[in-house]
Structures are given as C-alpha cells and as structure tokens.
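# Coordinates in review
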Amino acid sequence: MTPKLDQLDRKILQLIANDARIPFLEVARLCNVSGAAIHQRIAKLTAMGVIEGSQFVIHPEKIGYETCAYIGLRLKNPEDFERVLESLKQIPEITECHFTTGNYDMFIKIYALNNYHLLNIIHNRLQPLGLAGSETIISFGAAIDRQIPVDNIPLDDNIPETKSEEL
C-alpha cells in the first residue's frame, strides 16, 4: 500500500533529500510550520517506512576500494536461494543484493581493493555457494547517482493542501 502524503510531506522530503543535515528548525521555517510539526511529520514518515535513518556516505574509492563490480548470479538450485542469500550477507564487500528477473537469480554490487581481490572473492567466496554461473561487469564510475525525485509524489486527494500546522 502506498503511503498517503500531502504537500507538506512532499516539501519536507524535498528538503531533507537535498541536504540530510538541514536542521529541523530550518525545514520548519521553509515550510512555514513549527519545529514540533516537523518532528511529528518526520516521525510519521519514518513510521510509514517512507524514510529511514540517516547516514554518512563513505566513498569506497577514497578508502582504498578501487574496483566496483556488478555480478549477476545464477543458482544451480533455486531452492538454495535463502541459504545463498545468508552466505552473501557474510561477505562485507557486497553492498547490495537484488532479486531479479531475466538471466540472473540475484544481482550483487561489490567493492574490492583491486581486480585481484575481486577475483579472489569470486573464486573463493562466490563460486563455492553453488552457482550455475555468473557474469561480472566492472564499473568505471557512476555517471548518475542520486535520490529518487520527490517532486512527482502523488498527493492524497483527501488531505487539503495547507500551510497550517495541522497534522
């Protein structure tokens, strides 16, 4: 079920997506509501699962991880999916794992110190998991890396657009 959002929710999401460090009082000022209203809205958006936490972004290449790769994994036995997933969680260099359609059962994003380190992970950590095959694509860099835009979030028709402090 899609959460019901109003214009104030959208404005808050735009502001915090552009700058996660923006003080809530600044968000309140820009939205023309009280700081308490912003705190309540952030709590509501968090409870709804629209946003979660905040974090600092560490650039892997700045700390020595020179190789970024995407690997499509085909399992010998699709019934092993959960077991393989649990094993993948134990490999810290894997930063994402997606369930996919098409040629792969899973698609992972992995950072390695260099190509030799990547080869070592593939041969010693991934292949023993029971793969029918894999395909590795090395990334030279992200041409686009951004948050999903919040400008086009559908608004709940039942919530009037207002600048009041009503929640």
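Below, the structure is looked at part by part. Bear in mind the structure is a predicted one, so any value in this text is a computation, not a measurement.

## Overview of the overall build of the protein
Looking only at helices and strands, the protein has five helices and four strands in total. Its C-alpha radius of gyration of 21 Å places the protein more than 25% over the 15 Å reference for a compact globule of 167 residues. Over its C-alpha atoms, taken along the principal directions, the protein stretches across nearly 60 × 35 × 25 Å. In the protein, which comprises 167 residues, the share counted as buried stands at 32%.

## Topic: the side chain of Asp6
Its place among the elements puts Asp6 in the segment before helix H1 (7-18). For Asp6, a relative accessible area of 7% translates into the label buried.

## Here's the deal with the packing of helix H2 (residues 24-31) against helix H3 (residues 35-47)
The N-to-C vectors of H2 and H3 enclose an angle of 105°; their axes lie 8 Å apart at closest approach. Taken together, the axes of H2 and H3 are roughly perpendicular relative to one another. Residue-level contacts link Phe24, Leu25, Val27, Ala28 and Cys31 of H2 to Gly35, Ile38, His39 and Ile42 of H3. Along the lines of polarity and charge, the residues of the contact of H2 with H3 split into seven nonpolar, two polar and no charged.

## As for H1
When the terminal C-alpha atoms of H1 are compared, their 17 Å separation across 12 residues agrees well with the 16 Å that a helix rising 1.5 Å per residue should span. Its buried side turned inward, H1 meets H2 and H3. The N-capping residue of H1, defined by a side-chain oxygen 3.1 Å from the backbone nitrogen of Leu8, is Asp6.

## Some remarks on the side chain of Thr67
Looking at the secondary structure, you find Thr67 in strand E1 (residues 67-75). If we ignore the near neighbours within four places in the chain, the residues touching Thr67 are Ile110, Tyr111, Ala112, Leu113, Asn114, Asn115, Leu118 and Ile138.

## Considerations on H3
Between its first and last C-alpha, H3 extends 18 Å over 13 residues, near the 18 Å set by a 1.5 Å rise per residue. Taken together, the buried positions of H3 are Gly35, Ala37, Ile38, Arg41, Ile42 and Leu45. For H3, the buried positions fall inside an angular range of 155° around the axis, keeping them on one side. As for H3, its buried residues are in contact with H1 and H2.

## Observations regarding the environment of Leu119
Mapped onto the elements, Leu119 comes out in helix H5 (residues 115-126). The exposure class of Leu119 is partly exposed, given its relative accessible area of 43%. Distance in space between the C-alpha atoms of Leu119 and His39 is 47 Å, their sequence separation being 80 residues.

## Looking at the packing of aromatic side chains
Taken as a whole and assessed by the stated rule, the structure comprises three aromatic pairs. Centre to centre, the rings of Tyr104 and Phe107 are 5.9 Å apart; their planes meet at 45°, and the pair counts as tilted. What makes Tyr104 buried here is its relative accessible area of 15%.

## Considerations on the sheet that holds strand E4 (residues 131-139)
Pairing is antiparallel across the open sheet formed by four strands, whose spatial order is E2-E3-E1-E4. The sheet is open, and its two edges are formed by strand E2 (94-99) and E4, each paired on a single side. Within this sheet the neighbouring strands show an average axis-to-axis angle of 20°, counted without direction. Strand direction decides the pairing type here: E1 and E4, joined by eight bridges, are antiparallel. Bridged to Ile71 within E4 is Thr136.

The rules we used
- Residues numbered from 1 in each chain as written.
- Predicted model: local features only at pLDDT ≥ 70, side-chain atom pairs only at ≥ 80, totals over all residues.
- Heavy atoms only, no water.
- Helix = DSSP H or I, 4+ residues; strand = E, 2+ residues; numbered from the N terminus.
- Rg over C-alpha atoms; globule rule 2.2 N^0.38 Å.
- Buried < 20%, exposed > 50% of the residue type's maximum accessible area, 1.4 Å probe, protein only.
- Axes fitted to C-alpha atoms, helices over the stretch in contact; angles between N-to-C directions.
- Parallel < 35°, antiparallel > 145°, perpendicular 65-115°, else oblique.
- Contact = heavy atoms within 4.5 Å.
- Nonpolar A, V, L, I, M, F, W, Y, C, P; charged D, E, K, R; others polar.
- Expected span 1.5 Å × (residues − 1).
- Polar contact = N/O pair within 3.5 Å; in protein donor to acceptor, adjacent residues only side chain to side chain.
- Arc of directions from axis to C-beta.
- Phe/Tyr/Trp six-rings, centres within 6.5 Å; stacked < 30°, edge-to-face > 60°.
- Pairing = 2+ DSSP bridges.

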